[in-house]
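# Coordinates in review
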Amino acid sequence: MSFITFRAAVWQFATLLFVICLLAPLPAPAQESAPASPILVPNPGSDLWRAVRQRDAIGAGTSQARGVETGVLIEQSGEEFRNYRRNDFIGNAGLFIAAVAGLILIFYMVRGRIPIPDGRSGKRIRRFPDIDRTLHWLTAILFIFLALTGLTLLFGRFVALPVLGAEAFSVIASASKEGHNLFGPLFLVAIVALFVRWAARNLPSRGDLKWLIKGGGIIGNAHVSAGFFNTGEKIWFWSVMLLGLTVSISGLVLVFPVFGQGREIMQLALIVHGIAAVLFIAGSLGHIYIGTLGTEGSLESMTTGYVDENWARGHHDRWYAEATQGGAESAVPDQSTVARQAPLHTSADKA
Amino acid sequence: MSFTEFVDGPFWYFSAAVFVIGVVWRLVGMLTMGSKPDYSLPRASGTAGAIGINIKRFFPRTDFWSRIKLQVIAGYLFHVGLFALLFFAAPHIDFYRERLLGFGWPAMPEWAFILVSELAFLGLLLLILHRMMNPVTRAISNRGDYIGSALIFLVMLTGCLALARAYEPLRVLHFFLAELLLLYFPFSALMHTFTFPFSRGFMGAHYGRRGVRV
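Residues numbered from 1 in each chain as written. Chains lettered and ligands numbered in written order. Predicted model: local features only at pLDDT ≥ 70, side-chain atom pairs only at ≥ 80, totals over all residues. Heavy atoms only, no water.

### Some points on the side chain of Asp130 of chain A
The criterion, for reference: Labels follow the DSSP assignment, with helices taken as runs of H or I lasting at least four residues and strands as runs of E lasting at least two, numbered in each case from the N terminus. Think of it in three bands: residues with accessible area under 20% of the maximum for their type are buried, residues over 50% are exposed, and the middle band is partly exposed, with areas taken using a 1.4 Å probe on protein chains only. Here a polar contact is recorded for every N or O atom pair within 3.5 Å, except that within protein the pair must consist of a potential hydrogen donor and a potential acceptor, and residues adjacent in sequence are included only if both atoms are side-chain atoms. Contacts are assigned to residue pairs that have any heavy atoms within 4.5 Å of one another.
Structurally, Asp130 of chain A can be placed in helix α4 (residues 130–159). By relative accessible area, which is 15% here, Asp130 of chain A ends up buried. A polar contact of 2.6 Å, which involves the side chain of Asp130 of chain A, links it to the side chain of Arg133 of chain A. Beyond its immediate stretch of four places on either side in the chain, Asp130 of chain A contacts Met133, Asn134 and Pro135 of chain B.

### Considering the packing of helix α4 (residues 65–88) of chain B against helix α5 (residues 90–101) of chain B
Residue and element names in this part refer to chain B. Where we set the bar: To get an axis, fit a line to the C-alpha atoms, keeping to the stretch in contact for a helix; angles then go from 0 to 180 degrees between the N-to-C directions. Orientation labels follow simple angle bins: below 35 degrees gives roughly parallel, above 145 gives roughly antiparallel, 65 to 115 gives roughly perpendicular, and whatever is left gives oblique. Residues are grouped as follows: Ala, Val, Leu, Ile, Met, Phe, Trp, Tyr, Cys and Pro are nonpolar; Asp, Glu, Lys and Arg are charged; every other residue, Gly included, is polar.
Two numbers describe how α4 lies on α5: the axes approach to 6 Å, and their chain directions differ by 50 degrees. As far as their axial angle goes, α5 and α4 are oblique. Of the residues in α5, those touching α4 at Leu85, Leu86, Phe87 and Phe88 are Ala90, His92, Ile93 and Tyr96. Partitioned by chemical class, the residues of the contact of α4 with α5 number seven nonpolar, one polar and no charged.

### A short note on unusual backbone geometry
In the Ramachandran plot, Asp118 of chain A falls in the positive-phi region, its phi being about 65 degrees despite a non-glycine side chain. Mapped onto the secondary structure, Asp118 of chain A falls in the loop between α3 (76–111) and β1 (123–126).

### Description of the environment of Lys234 of chain A
Residue and element names in this part refer to chain A. Here Lys234 shows up in helix α8 (residues 231–255). The exposure class assigned to Lys234 is buried, which follows from its relative accessible area of 6%. Along the sequence, Lys234 and Pro204 sit 30 residues apart, while their C-alpha atoms lie 7.9 Å from each other. Ignoring anything within four residues of it in the chain, the contact list for Lys234 reads Arg201, Asn202, Leu203, Pro204, Ser205, Asp208 and Phe229.

### A short note on the packing of α4 of chain A against helix α9 (residues 263–294) of chain A
Residue and element names in this part refer to chain A. Under the convention used in this document: Helix crossings get a hand from a simple test, with the near helix turned counterclockwise from the far one by less than a right angle marking a left-handed crossing and a clockwise turn marking a right-handed one.
α9 packs onto α4 with a crossing angle of 130 degrees between their chain directions and a minimal axis gap of 11 Å. With respect to α9, the axis of α4 lies oblique. For the element pair α4 and α9, the recorded crossing hand is left-handed. Contacts from His136, Phe143, Ala147, Leu151 and Leu154 of α4 reach α9 at Val278, Phe280, Ile281, Ser284 and His287.

### Some remarks on the interface of chain A and chain B
We count it as follows: The quantity reported as buried area is the accessible area (1.4 Å probe) lost by two parts once they are put together, taken as the sum for both. Between Lys or Arg on one side and Asp or Glu on the other, a salt bridge is scored when a side-chain nitrogen of the former is within 4 Å of a carboxyl oxygen of the latter.
Taken together, the contacts link 25 residues of chain A with 23 residues of chain B. Summed over both partners, the interface of chain A with chain B comes to about 2100 Å²; 77% of that surface belongs to carbon and sulfur atoms. In this assembly, chain A and chain B are joined by zero salt bridges. Summed over the shared surface of chain A and chain B, the number is two residue pairs in polar contact (both at pLDDT 80 or more). For the side of chain A that touches chain B, the secondary-structure elements that each account for two or more residues are α4, α6 (166–198) and α10 (299–303) of chain A. The biggest single contributor to the side of chain A that touches chain B is α6 of chain A, with 12 residues. Residue classes in the side of chain A that touches chain B are distributed as 15 nonpolar, six polar and four charged.

### Here's the deal with the confidence of the model for chain A
Residues and elements named next belong to chain A. How we decide: pLDDT measures the predictor's confidence residue by residue and takes values from 0 up to 100.
The predicted model of chain A averages 83 in pLDDT, with 77% of residues at 70 or higher. Per-residue pLDDT stays below 50 along residues 25–32; that stretch engages in zero contacts with residues further than four places along the chain or on separate chains. Considering only residues more than four positions removed or in separate chains, one finds that residues 328–351, a stretch of pLDDT under 50, has 49 contacts.

So this is what it looks like as structure tokens:
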């Protein structure tokens, strides 16, 4: 080979190399640092798992098992729902309940306890008959139990599990689940009974709007006229009915998955159940505060059935006037023997 | 000895022995107490009166119905529910077969177990609350009544919490509380479980001999 021939061959090879380089596709910027995959063929398992997950499937597969969605091996929306519940719902629910509790605490520190107007009179008047108090406390006991077990199920994985450990928490979680499912239907019975007893007294009446505009007199010292139940109590009553029915019905959908409801309905029921329960718990904090720490003399209406006359006159003046019918003859001296005397028959007994 | 071994072993035998001996002792004591001889001519059969009142007392008097319907309904819910749970719940039948009798009987289905539990709890809660809320029942109730009610409630509650039958601590807790109940039973008003036919019979015979319609 002559030198000229050798140079021509080198040039030809260089030209060919240059053309090949020009024709070769440029690597994508994002892939510059990624190592090249040694496998140039697709993962043979990907087709299998794509089929199992049915990501591309129009409908479900077939199965010998007969039931709702038994043809679906892996529910895609389940993972999305799980992420939503864990990452969004639980945190916000906890913040909301904590915020309401904090606001109540601040309100108490600013406003303090509302005393009985003009102090205790020494005479008491009957407000709630035994059956009403029995139903109220039945509802309250069931609610507190359901709230505690429900909060354990909702927050336990993040709050109790790190403290107690997996073994102890699994016991508590199992007990909470069984107890929650067992007592849930009883709560529905309790609120229906409360509805029967108290719905008529909680219908809107004259003075409700005025009471609302004045904020019930809780801010400031102005007295706002009210009947047996004031507007705030009426709002709470209907909230209990609405939220109670919501948590009960959604709870029944979850506890009895035998009526053809699929995963989407169950997921929706769980979210509705959770939102209603969190609102219910937050509202109950306000109810408990007003009934115990916030207002002097209120709790005894539900423990003894009697309230002080001045409490009745100060907070429920229209009911007081109706109950006493213009006189104090149906009020009794506040002595220890009062509870053993024949009960007073006020309008509460006729309900 | 672990707590589980203690509850399943010595404490179980001790509480069961106290229960059996205590109940027998009280029943024998009551039945051998006797009564003053009645020399008057009977106007009617004392035996018929004893049997009659035992049956009639299962039904509320109509003239009292409006005032006692809560106690009657709640009482039946609780007592019938507790009886069904005690003798027809699958875990209890397993226990009787394995630990006591050597044989069992058909259990009620799961849905019936849940329904009966709900009704029994509703009845028990209403009865406890009525005892606390009504001035008369509150006045005649003593500490023993509340202890008995609370123990039964806790035994039922822990039993239902252990419904999954997957966690040993829940079963042991239920068993431990049931043993406490067995220990307390003979010395409390819970003895009415066994004494009610005799007390009713005594009153029925007493009235029956005098021709009193009850």
